[in-house]
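Residue strings, one per chain:
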Amino acid sequence: MIQTENKQPVKEISHQDIYSLYDSWEQLQSWQEVLPVLEKFFEDENRHVNKQQIARKYYACSQVFMLFYLDFSQTMQRMEKQLLELRSKKKV
């Protein structure tokens, strides 16, 4: 049995497990380009008062946020499941 320095057994983790977790991480990383657009919209305190334009931008930003939130929630659930599976892998 392979052991760590603390005499603990090493868990068996396959390359597929690592790639699967990396794919989930990469999916979350993909939002890094889009989220600053939302941040810029909501922090802009010097907006001109054009109610129609604000309403259109607000609607567009809300749609982007809802897509992000759905994707983020699903990815977090998938990552939690992956991590639980990795923690329960047999030890070698």
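Preceding this section is the structure that the text describes.
Draft legend 1. Inspection of a negative patch on the surface at higher detail. A contiguous patch of negative charge, built from Glu39, Glu43, Asp44 and Glu45, is present on the exposed surface. Of note, Glu39 is situated in helix α2 (residues 35-43).

Draft legend 2. Representation of the side chain of Thr75 in the model. With respect to the element layout, Thr75 can be found in helix α3 (residues 51-87). The class of Thr75 is buried, set by a relative accessible area of 0%. A polar atom in the side chain of Thr75 sits 2.8 Å from the backbone oxygen of Asp71. Filtering out sequence-adjacent residues up to four positions away, Thr75 remains in contact with Ser24, Gln27 and Leu28.

Draft legend 3. View of the packing of aromatic side chains. A complete count under the given rule lists five aromatic pairs for this structure. Consider the rings of Tyr22 and Trp25, whose centres lie 5.4 Å apart with planes at 35°: the pair is tilted. Highlighted residues: Tyr22 and Trp25, both in helix α1 (residues 15-29), separated by three residues, approximately one helical turn. Under the relative-accessibility criterion, Tyr22 is labelled partly exposed at 41%. The rings of Trp31, Phe65, Phe68, Tyr69 and Phe72 are connected pair by pair, giving a single aromatic cluster.

Draft legend 4. Main features of the packing of α1 against α3. In contact at an axis separation of 10 Å, α1 and α3 are set at 160° when each is read in the N-to-C sense. In terms of orientation, α1 and α3 fall into the roughly antiparallel class. When the axes of α1 and α3 are compared, the crossing they make is left-handed. When α1 is examined against α3, the residues Asp17, Ser20, Leu21, Ser24, Trp25, Gln27 and Leu28 are found in contact with a partner set consisting of Asp71, Phe72, Thr75, Met76, Arg78, Met79, Gln82, Leu83 and Leu86. Of the residues contributing to the contact of α1 with α3, the split by class is eight nonpolar, five polar and three charged.

Draft legend 5. Region of the structure containing α1. Taking 1.5 Å per residue as the helical rise, α1 with its 15 residues ought to reach 21 Å, and the 21 Å between its terminal C-alpha atoms agrees with that figure. Within the sequence span of α1, burial applies to Asp17, Ser24 and Leu28. Take α1 and look down its axis: the buried residues cluster within an arc of 45°, on one side only. Projecting away from the buried face of α1 at angles above 90 degrees are the exposed residues His15, Gln16 and Tyr19.

What counts, and at which threshold
- Residues numbered from 1 in each chain as written.
- Predicted model: local features only at pLDDT ≥ 70, side-chain atom pairs only at ≥ 80, totals over all residues.
- Heavy atoms only, no water.
- Patch = residues over 30% accessible without salt bridge, like charges linked within 9 Å, V, L, I, M, F, W, Y side chains within 5 Å.
- Areas by Shrake-Rupley, 256 points an atom, 1.4 Å probe, with all protein chains shown as cover.
- Salt bridge = Lys/Arg side-chain N within 4 Å of Asp/Glu carboxyl O.
- Lys, Arg positive; Asp, Glu negative; His and termini not counted.
- Charge placed at Lys NZ, Arg CZ, Asp CG, Glu CD.
- Helix = DSSP H or I, 4+ residues; strand = E, 2+ residues; numbered from the N terminus.
- Buried < 20%, exposed > 50% of the residue type's maximum accessible area, 1.4 Å probe, protein only.
- Polar contact = N/O pair within 3.5 Å; in protein donor to acceptor, adjacent residues only side chain to side chain.
- Contact = heavy atoms within 4.5 Å.
- Phe/Tyr/Trp six-rings, centres within 6.5 Å; stacked < 30°, edge-to-face > 60°.
- Axes fitted to C-alpha atoms, helices over the stretch in contact; angles between N-to-C directions.
- Parallel < 35°, antiparallel > 145°, perpendicular 65-115°, else oblique.
- Left-handed = near helix turned anticlockwise from the far one by under 90°.
- Nonpolar A, V, L, I, M, F, W, Y, C, P; charged D, E, K, R; others polar.
- Expected span 1.5 Å × (residues − 1).
- Arc of directions from axis to C-beta.

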